[in-house]
Every structure is written in C-alpha cells, then in structure tokens.
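One letter stands for each residue in the lines below.
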Amino acid sequence: MKSGILNHSADELKAILKEAGIPTFRASQIWEWIYRFGKTSFHDMTNIGKLLQGRLDEMFYIYRPQVINTAKSSDGTIKFLLRLSDTSTIECVYIPDVKRKTICVSSQVGCAMGCKFCSTGRLGFVRNLSAEEIISQFLIVKDYTNMWGCDDRLSNIVFMGMGEPLLNHQNVLRAIYNVMLDTEAGLSRRKITVSTCGISPIIRKISKELPCRLAVSLHAPNDEIRSSIMPINNTYNIASILDACKEYYSHHKFLKITFEYLLINGINDSKSCAIELRDLLKPLNAKVNLLRFNEWSGCEFKTSTGMKIQTFANVLKECDVEVSIRTRRGADIMAACGQLSSGNINSHAI
Ligand code: SF4
C-alpha cells in the first residue's frame, strides 16, 4: 500500500529508501522536488530515472486536498475551502501584505474547545489533521499563487486556523519540522507561530522541542472573565498558563511570547481590564496583540469601538508592555480571526 510521502520526516524517508535498496541521496532530490518545486508526480522529477520514478510511484503518493472553493477579500486575503480524503472540510487563509505573505493553517477538523467568540468552536471536534493534511495547506497556497521555484515565497505560517494545535501536537510538530527542513523554500523558526488557547500541560511537555514562536490566546485579564468566554479556563487557569509560558521561555530566551487579546465590547475591553492585564504581564518578556472581534451570524458579541481599543493599548504601553493593534484582514469573506467554520465561504474570512 502506498504511503503519503508528506507524512514522513526527511530521516524516515531516507530509512524507507534504504530499506528498499534505493540510494539515500535520492531523498534530498525528492524532498527538493516536492517542497521547492511543488511537484505532485514522481514522473516530473527529471533528475530521477524512469525506472526509479515508477518504483517511487508504487511506494508513495504526494497528497493534495481538493480545493472546493476560494473567496478573495477586497484586501487581497484569500480563503480556501478544502475537502479532505474522507470528505471532511477545512479552511486555510492566505494573507498577503507589503512586507509578508502569511498563511493561517488549520490543525483539526472542528474544535473541542468551544470558545464562545469563535465560529469553529460551534462545530465541535471531528478529528485531528494528519501531518500531510497540515503541510498540504501550505503547498496548496503555493500552487494557487504560483510561488514555486521563484523568489516569491510564503514568509510566515501561523497555526491560528481551525482547531487547537497543541491537542494535535505530534502532527503539528512534524509538519513544522518538514517545512523548516526545506532550507531553500523553508521558513525560519521566528516566522512560524503556534497559537494555543492555553493547554498548560502540553505547553510544558513540548516547550523544549517546539521550534517556533508560541502565542497564547488570553482574551481576558482574570479567570472570571476568561472562564465566561473560554470554557477551557475552568481546566487550565491563567496562573497555570503563565507558569507553563515561563517554562517555554526558559528554553527560547530569544523568542518573545505573544498574548493574543480579542477585544469584545462590554466583556473584556474596559480600562480596568487593561490595567489588570498590564499588571499580569509586566513581569514577563511578552508582547500583546490586540485584535478586533469579528462579528458573525449567531454570535451575541459585538466589536469594541476604535476609541476603546486605543485606550486599552495606551494603558499597556504606559508600562512598557509591547503592544500592537492588529489590522483586521479578510472580514468581508469571513476569513478573519474566529470566523472560520468550513462551509460559509460565500458569505464570509485573520
Ligand atoms: Fe478552538 Fe481556537 Fe476557536 Fe477556541 S478560538 S474554539 S481553540 S479554534
């Protein structure tokens, strides 16, 4: 039976080839064709002889999901609706701007975390994505934007799409290592961000091997507010998350921990919330990204006003907490933060 080559690490691929009596230097040639030139057929790998192409074709397949639909925002953001082999659907989002070209990838079909502001949370959990299903989102965007074999390249990957990446950390880590290992078209660890709603024991468990940036979706300055909008806080509270973050930071002193804070009108956007958040994060080498809440049909929450967001940012800045107000992208195609729900691509978008 064929195996999905994207599911294998570079070392595994070498071991499989060796076992089959194929010279291991072929692994780096194959790797380059797949990750640098985007080939989906071994028969297009021109420095590999016909006989070996045929053998490889019998051993492996190179996975791509089916693109069911795409939606392009007026700001250039593109949302992809993808159908997987078992007919499950997921979304990923391509966000180009002047300085960077970012892809927001999903790590699960649905999500079990049930954050009240998030459209994905309403779907419930279906299953984890395999490494090839995660990597293929990156490859599909490169296919679609003609980014193969040229200087134009994706510059950033954020695991902020559908699902909680730390609850699928084996496959997420495998995908990250595969993409980073591709030195030609690969990405540096500073350009990859894994965003979590705060699964403290797993932050601790993988803090050493997680090779990239960590972002924590905090969204509240205290447990009372956080538990009211993020049920997971009843299991892993803010103190446990901050402790786990300190452990991550002890292994990655050159990387700042980012805290994402979604401002929801009347819930967590008051001046007193800002003061509480500032006091909480002051001892950490942290950065805060303030996000505007993106409204979606069926959700009771409303977006904070621009003035409230600026006041909130000013309070944090007064005490030298690094803060930025993130530009909303793709809201008109439901591709913005919290709006992904695999299926509403015509009506809706980070
Ligand atoms: Fe899941 Fe993230 Fe949505 Fe929370 S915000 S429900 S963790 S996808």
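Residues numbered from 1 in each chain as written. Predicted model: local features only at pLDDT ≥ 70, side-chain atom pairs only at ≥ 80, totals over all residues. Heavy atoms only, no water.

Assigned secondary structure in the protein chain consists of ten helices and 14 strands. For 350 residues, the compact-globule estimate of 2.2 N^0.38 gives 20 Å, and the protein chain sits close to it at 21 Å. Projected onto its principal axes, the C-alpha coordinates of the protein chain cover approximately 70 × 45 × 35 Å. Relative to its full complement of 350 residues, the protein chain shows a buried share of 56%. Here the protein chain contributes 43 positively and 34 negatively charged side chains, and the mean placements of these two sets differ by 3 Å. (Helix = DSSP H or I, 4+ residues; strand = E, 2+ residues; numbered from the N terminus. Rg over C-alpha atoms; globule rule 2.2 N^0.38 Å. Buried < 20%, exposed > 50% of the residue type's maximum accessible area, 1.4 Å probe, protein only. Lys, Arg positive; Asp, Glu negative; His and termini not counted. Charge placed at Lys NZ, Arg CZ, Asp CG, Glu CD.)

Around the ligand sit Cys111, Met113, Gly114, Cys115, Phe117, Cys118, Gly121, Gly163 and Cys197, and that is every residue in its neighbourhood. Tallied by class, residues from the shell around the ligand come to six nonpolar, three polar and no charged. (Near = heavy atom within 4 Å. Nonpolar A, V, L, I, M, F, W, Y, C, P; charged D, E, K, R; others polar.)

The end-to-end C-alpha distance of helix α5 (residues 169-181), which contains 13 residues, comes to 18 Å, matching closely the 18 Å that a straight helix rising 1.5 Å per residue would cover. On the buried face of α5, the contacting elements are α1 (10-19), α2 (25-35), α4 (131-144), β9 (156-159), β10 (192-196) and α6 (200-206). (Expected span 1.5 Å × (residues − 1). Contact = heavy atoms within 4.5 Å.)

Whenever strands of a sheet pair, they do so through backbone hydrogen bonds, lying parallel or antiparallel. Strand order in the open sheet made by the ten strands is β3-β4-β5-β6-β9-β10-β11-β12-β13-β14, with mixed pairing throughout. Pairing within the sheet leaves two strands with one partner each, and these edge strands are β3 (66-72) and β14 (322-325). Averaged over all neighbouring strand pairs, the angle between strand axes comes to 20 degrees, with direction disregarded. When β3 meets strand β4 (residues 78-83), the two strands line up antiparallel, connected through six bridges. When the bridges of β4 are listed, asparagine 69 appears paired with leucine 81. (Pairing = 2+ DSSP bridges. Axes fitted to C-alpha atoms, helices over the stretch in contact; angles between N-to-C directions.)

The next thing to look at is unusual backbone geometry. Unusually for a residue other than glycine, threonine 87 sits at a positive phi of about 75 degrees. Examined against the element boundaries, threonine 87 turns out to sit in the loop between β4 and β5 (89-96). Even without glycine at this site, histidine 219 takes up a positive phi of about 65 degrees. Within the secondary structure, histidine 219 is located in the loop between β11 (213-217) and α7 (223-229). Classification of histidine 219 by relative accessible area gives buried; the value is 5%.

Counting residues in hydrophobic clusters, the biggest one holds 114 residues, and the most contacted among them are Ile30, Phe117 and Phe259. Residues from two domains meet in this core; each of domain 1 (3-61) and domain 2 (66-333) gives at least three. (Core = buried A, V, L, I, M, F, W, Y, C linked by side-chain atoms within 4.5 Å. Domains from an automatic or database assignment.)

Bringing the side chain of serine 207 into the picture now. Mapped onto the secondary structure, serine 207 falls in the loop between α6 and β11. Residue classification places serine 207 among the buried positions, given a relative accessible area of 2%. A distance of 3.1 Å separates a polar atom in the side chain of serine 207 from the backbone oxygen of arginine 204. Aside from chain neighbours lying at most four places away, what touches serine 207 is Glu247, Tyr248, His251 and His252. (Polar contact = N/O pair within 3.5 Å; in protein donor to acceptor, adjacent residues only side chain to side chain.)

Before going further, it helps to examine the domain arrangement of the protein chain. As assigned here, the protein chain comprises domain 1 (3-61) and domain 2 (66-333). Here the C-alpha centre of domain 2 lies 33 Å away from the C-alpha centre of domain 1. The interface of domain 1 with domain 2 comprises 15 residues on the first partner and 15 residues on the second. For the pairing of domain 1 and domain 2, the buried interface totals around 1300 Å² over both sides, and the portion due to carbon and sulfur atoms is 54%. Interface area lost by domain 1 to domain 2 is led by Leu6, Tyr35 and Arg36, which between them contribute 47%. For glutamate 12, the salt bridge goes to arginine 174, with nearest N and O atoms at 2.7 Å. At the boundary of domain 1 with domain 2, the tally comes to eight residue pairs in polar contact (both at pLDDT 80 or more). (Buried area = accessible area lost by both parts, 1.4 Å probe. Salt bridge = Lys/Arg side-chain N within 4 Å of Asp/Glu carboxyl O.)

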